[in-house]
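In case you want the letters, here they are:
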Amino acid sequence: MRWATNQAVELVEEASHRIYAGYERDLEALADEIVQQNVLADPTTVAARTLLVGEFLTTKSGGYPPPKRFMDLLMLKPQLRRRQ
């Protein structure tokens, strides 16, 4: 049973890594898509914006939550920063 569980965990981690590696290759397009989808139309705090982007990405990726490093890189994109 432990072996099967470990195998399942490895498969999920590999799938998640592949998905987010693909997204990371074109962060600009992903940031533009988030803006076009109005994901960040209402929230004003960094925490709220990060949460909504994370939910968007989890849905987009088929249920795989984004890694922290990926979120950090994505949230640094100018189009995702709070407009003054």
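We now turn to the structure provided with this report.

Overview of the overall build of the chain
No. 1: From N to C terminus, the chain includes 4 helices and 0 strands.
No. 2: Going from N to C terminus, the chain has its helices and strands arranged as α-α-α-α.
No. 3: Expressed as lengths along the three principal axes of its C-alpha atoms, the size of the chain is roughly 55 × 25 × 20 Å.
No. 4: Looking at the chain as a whole, 30% of its 84 residues qualify as buried.
No. 5: In the chain, the share of contacts with a sequence separation of at least 24, taken over all contacts with a separation of at least 6, comes to 62%.
No. 6: When the accessible area of the chain is evaluated, it comes to approximately 6000 Å², of which 56% is carbon and sulfur surface.
No. 7: A gap of 4 Å separates the mean positions of the 11 positive and 11 negative side-chain charges of the chain.

About the cut-offs
- Residues numbered from 1 in each chain as written.
- Predicted model: local features only at pLDDT ≥ 70, side-chain atom pairs only at ≥ 80, totals over all residues.
- Heavy atoms only, no water.
- Helix = DSSP H or I, 4+ residues; strand = E, 2+ residues; numbered from the N terminus.
- Buried < 20%, exposed > 50% of the residue type's maximum accessible area, 1.4 Å probe, protein only.
- Contact = heavy atoms within 4.5 Å.
- Areas by Shrake-Rupley, 256 points an atom, 1.4 Å probe, with all protein chains shown as cover.
- Lys, Arg positive; Asp, Glu negative; His and termini not counted.
- Charge placed at Lys NZ, Arg CZ, Asp CG, Glu CD.

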